[in-house]
Amino acid sequence: MSKNRQLPLILFITSLMIVSLACQATSLSPTEPNTETIVAQVVATVQAQDAHEAETVLVTEGETAVSNLASLDSSLEHKFAEVYQTANPAVVHIFVYEQFEDQIFPLGTGSGFLIDEAGYIVTNNHVVAEGKSFEVVYANGERSHAEIVGTDIDSDLAVIRAETVAADAQPIPLGDSKALQVGQFVIAIGNPFGEAGSMSIGVVSGLGRTLISERVVAGGSHYSLPQVIQTDAAINPGNSGGPLLNLDGEVIGVNSAIRTETGTNTGVGFSIPVNAVRRIAPQLIEKGEYSYPFIGIRMQTLNSNSAEELNIDKTAGAYVLDVSDDTPAAAAGLIESGFNNFGPFPGGDLIVAINDEPINSSDDLISYLVFETEVGQTVDLTVFRQGKEVVVPLTLGKRP
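Residues numbered from 1 in each chain as written. Predicted model: local features only at pLDDT ≥ 70, side-chain atom pairs only at ≥ 80, totals over all residues. Heavy atoms only, no water.

**Q** Explain the packing of aromatic side chains to me, and be specific about the residues and the numbers.
**A** Considering all chains together, one arrives at 2 aromatic pairs under this definition. Taken together, a centroid distance of 5.8 Å and an interplanar angle of 80° make the contact between Phe80 and Phe185 edge-to-face. Of this pair, Phe80 sits in helix α2 (residues 35-87) while Phe185 sits in strand β7 (residues 185-190); the two residues are 105 residues apart in sequence, bridging distant segments of the chain. Given a relative accessible area of 12%, Phe80 falls into the buried group. According to the relative accessible area criterion, Phe185 is partly exposed, its value standing at 35%. Consider the rings of Tyr290 and Tyr292, whose centres lie 4.7 Å apart with planes at 85°: the pair is edge-to-face. Note on Tyr292: relative accessible area 3%, which makes it buried. One cation-aromatic arrangement involves Arg399 over Tyr292; the distance from NZ or CZ to the ring centre is 4.0 Å. (Phe/Tyr/Trp six-rings, centres within 6.5 Å; stacked < 30°, edge-to-face > 60°. Helix = DSSP H or I, 4+ residues; strand = E, 2+ residues; numbered from the N terminus. Buried < 20%, exposed > 50% of the residue type's maximum accessible area, 1.4 Å probe, protein only. Lys NZ or Arg CZ within 6 Å of the ring centre and 35° of its normal.)

**Q** So what's going on with the packing of helix α4 (residues 274-287) against helix α7 (residues 362-372)? Which residues, and what values?
**A** Where α4 meets α7, the closest approach of the two axes is 10 Å, and the angle between their N-to-C directions is 45°. Viewed along their axes, α4 and α7 adopt a mutual orientation that is oblique. Of the residues in α7, those in contact with Asn275, Ala276 and Arg279 of α4 are Val370, Phe371 and Glu372. Considered class by class, the residues forming the contact of α4 with α7 number 3 nonpolar, 1 polar and 2 charged. (Axes fitted to C-alpha atoms, helices over the stretch in contact; angles between N-to-C directions. Parallel < 35°, antiparallel > 145°, perpendicular 65-115°, else oblique. Contact = heavy atoms within 4.5 Å. Nonpolar A, V, L, I, M, F, W, Y, C, P; charged D, E, K, R; others polar.)

**Q** Kindly report on the pairing of strand β20 (residues 378-385), identifying the contributing residues and their values.
**A** Sheet topology note: the strand β18 (residues 350-354)/β20 ladder contains 4 bridges and is antiparallel. Each residue of the ladder has a partner; that of Leu350, found in β20, is Phe384. (Pairing = 2+ DSSP bridges.)

**Q** If you had to explain the nonpolar core to someone new, which residues and values would you point to?
**A** Core analysis: the largest hydrophobic core is formed by 49 residues, its most contacted members being Val136, Leu157, Ile172 and Leu245. Counting residues per element, this core draws most heavily on α4, at 6 residues. Not counting the four nearest positions on each side in its chain, Val136 is found in contact with Val92, His93, Ile94, Ile121, Glu142, Arg143, Ser144, Ala146, Ile160 and Ala162. Counting residues in each nonpolar core, the second largest holds 18 residues, with Ile354, Leu369, Leu381 and Val392 among its members. (Core = buried A, V, L, I, M, F, W, Y, C linked by side-chain atoms within 4.5 Å.)

**Q** I'd like to hear about unusual backbone geometry, residue by residue, with values.
**A** Positive phi, close to 55°, is recorded for Glu101, a residue that is not glycine. Locating Glu101 in the fold gives a position in the loop between β1 (91-100) and β2 (103-114). By relative accessible area, Glu101 is classed as exposed at 64%. Located in the positive-phi region is Phe193, a residue other than glycine, with phi close to 55°. The topology assignment puts Phe193 in the loop between β7 and β8 (198-216).

**Q** Before we move on, can you summarise the sheet that holds β1 with the specific residues and values?
**A** Reading around the circumference, β1-β2-β3-β6-β5-β4 is the order of the 6 strands in this closed barrel, with antiparallel pairing throughout. For this sheet, the mean inter-axis angle between neighbouring strands, taken without regard to orientation, is 40°. Where strand β4 (residues 133-137) lies against strand β5 (residues 143-152), 4 bridges are found, and the strand directions are antiparallel. For Phe134, the partnering residue across the bridge sits in β5 and is Ala146. Packed onto the sheet, α4 meets β3 (120-124), β5 and β6 (157-162) and runs at close to 55° relative to β6.

From the geometry alone we can't say anything about function, so treat these as descriptive.
What follows is the structure, encoded as structure tokens:
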């Protein structure tokens, strides 16, 4: 082919190549940014980062929670051990003996705790009531003879005095049972089934329970002690008289009873409030007995049905069923309703306050009398009588 004829062909092919490259370049050039696409990409990225950070935070918090839990467990263990090590030397194992002629026979054992350096020990009345001689054994093994100083069957409290006190036994401080809250940790130390120096842990399960006295009074009724503490700390035979402690190592109760059908702990134990010890123990030491304030009535807490039947538009209070002769209640002029097997009659006084302190139930009135008043003190009773409130002054006597 001649050169003149080849030139147009070369130019044509070159043009085609340039156009092709131009078209290819156009197809490879970046497109204009799409706003929705960009936002979606950013959101996805942020979400991924947040998820990663959240996962990291969760792992960190989980590790912190485990760390805190381990620290809490360690702290509690240390506290429990500390309370035990401090209090246990002052918790004694009481051995009770009966004497017949020249022979001495063991009756049983219980627990108690030292309240001062003179050797006075608080325990339960039912631990020592039948005994004639006593021996206490301290945690370090030292032994001492002891004698009864005073007893009170209605509170199930007693005080004995040991002849000697172990060198490492420091009196256990008394706390305040009014400051207790349901759910707080408590520690019981005693000698269940003769196993000396046993410790159990639980919580305050309930407050404001009542403990019925073993003493039967006229008419077959019983007195009762209010403000009793309920706990799930294991309390078994032999724990009686031992201390119930808070985490500060203070006595907040005296372990006294369990509710059981088997004779062993079922998670419902009762402890005499330490505020009763504060009031009763000093008189047991000084006089050998405790004098309770006394009104001289039989009373009942009303419910909605009984209040309606009695034509009373209140249920809160203590309804006076009976007023005993020659008592403070009779002298003050309280009005009884009378009653039979079917319930009370209308017309009795409903005590709704004492010294302006509201009374919601019979237990409230008993509680106020036991913990807030003294024999010989004059109190003002607010009574609901014939549709009106009347204030009745009453001078408290001594419980027979």
